[in-house]
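# Working through the structure, step by step
Chain by chain, the residues:
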Amino acid sequence: MAVITLSINDKEHSFDIDPNTPLLWVLRDHLNLVGTKFGCGIAQCGACTVHFNGNAIRSCQLPISSAAGNKITTIEGLSENGDHPVQKAWLEHDVPQCGYCQAGQIMSATALLNRNPNPTDSEIENAMNGNICRCGTYTRIKAAIKTASNSQEV
């Protein structure tokens, strides 16, 4: 066990925990931040996507020891009221069906728009590759990203 301090959603948290514990389980089991979902456990589906220093990463494979000293943002930290431009665009385009993958999708889309505010279709497809939606809402996801990219707030 080790004491590890993390910055999650702009708040400091300390954990006395096995350093190999995946970040996903710290978020869900220790902080009750359950918007980040468990999907595959092998970083292939994107359901567990969070921001790590602004970049989209899969939290199911990141040991907590590797997260120390870095800024982590979950879906809960993206916007206090759920009114981030990407979240608004998601609603406008009626993206979610079952909703399971949506937090990961939104986190990947937000990371893309933060580094590239006006992505091409190809850039959107590349950035979102690996975020699996079993309901198949990919066309609406792309449309929502384009709408959010036109927002002055992103």
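Please refer to the structure placed before this passage.
Residues numbered from 1 in each chain as written. Predicted model: local features only at pLDDT ≥ 70, side-chain atom pairs only at ≥ 80, totals over all residues. Heavy atoms only, no water.

### Thoughts on the packing of helix 5 (residues 102–115) against helix 6 (residues 121–128)
Put simply, helix 5 and helix 6 touch, their axes get as near as 9 Å, and they point 135° apart. Taken together, helix 5 and helix 6 sit at an angle that is classed as oblique. In the packing of helix 5 onto helix 6, the handedness of the crossing is right-handed. In contact with Q105, S108, A109, L112 and R115 of helix 5, helix 6 contributes E123, I124, A127 and M128. In terms of residue class, the contact of helix 5 with helix 6 is made up of 5 nonpolar, 2 polar and 2 charged. (Axes fitted to C-alpha atoms, helices over the stretch in contact; angles between N-to-C directions. Helix = DSSP H or I, 4+ residues; strand = E, 2+ residues; numbered from the N terminus. Parallel < 35°, antiparallel > 145°, perpendicular 65-115°, else oblique. Left-handed = near helix turned anticlockwise from the far one by under 90°. Contact = heavy atoms within 4.5 Å. Nonpolar A, V, L, I, M, F, W, Y, C, P; charged D, E, K, R; others polar.)

### Observations regarding the layout of surface pockets
Considered as a void within the structure, the largest pocket measures approximately 160 Å³ in volume. Taken together, I8, N9, K11, H13, L31, L33, E76, G77, S79 and E80 form the lining of the largest pocket. When contributions to the lining of the largest pocket are tallied by element, the ones reaching two or more residues are strand 2 (11–17) and helix 3 (75–78). Taken together, the residues of the lining of the largest pocket break down into 3 nonpolar, 4 polar and 3 charged. (1 Å grid on protein atoms, 1.4 Å probe; cavity = no way out; pocket = protein on both sides within 12 Å on 5 of 7 lines; lining within 4 Å. Points joined across faces, edges and corners; volume = space filled by probe spheres on them.)

### Topic: the sheet that holds strand 2
Judged by pairing direction, the sheet is mixed, and its 5 strands sit side by side in the order 2-1-5-3-4 without closing on themselves. The open sheet terminates on both sides in strands that have one partner only, identified here as strand 2 and strand 4 (55–58). Within the sheet, the average angular offset between the axes of one strand and its neighbour, ignoring direction, is 40°. One ladder, built from 2 bridges, connects strand 3 (residues 49–52) with strand 5 (residues 71–73); its direction is antiparallel. Among the inter-strand pairings, H51 is bridged to a residue of strand 5, identified as T73. Together, strand 1 (2–8), strand 2, strand 3 and strand 5 form the strand contacts of helix 1 (residues 23–30), whose direction differs from that of strand 2 by roughly 105°. (Pairing = 2+ DSSP bridges.)

### Concerning the nonpolar core
V86, W90 and I145 are the most contacted members of the largest nonpolar core, which has 18 residues in total. Of all elements in the fold, only helix 3, helix 4 (85–92), helix 5, helix 6 and helix 7 (138–149) reach the threshold of two or more residues within this core. Counting residues per element, this core draws most heavily on helix 5, which supplies 6 residues. Sequence-distant contacts of W90, defined by excluding residues within four places in its chain, comprise V95, P96, Q102, Q105, I106, A109, I141, A144 and I145. Of all hydrophobic cores here, the second largest spans 16 residues; its members include I4, L6, L62 and I72. (Core = buried A, V, L, I, M, F, W, Y, C linked by side-chain atoms within 4.5 Å. Buried < 20%, exposed > 50% of the residue type's maximum accessible area, 1.4 Å probe, protein only.)

### Regarding the pairing of strand 3
Here strand 3 shows a buried face lined by T49 and H51 and a second buried face lined by V50 and F52. Here strand 3 runs beside strand 4; their pairing, made up of 4 bridges, is antiparallel. Residue pairing across strands places V50 opposite I57, the latter belonging to strand 4. The hairpin turn running from strand 3 into strand 4, its antiparallel successor, is 2 residues long, and N53 in that turn takes a positive phi close to 55°.

In short, geometric facts, not functional conclusions.
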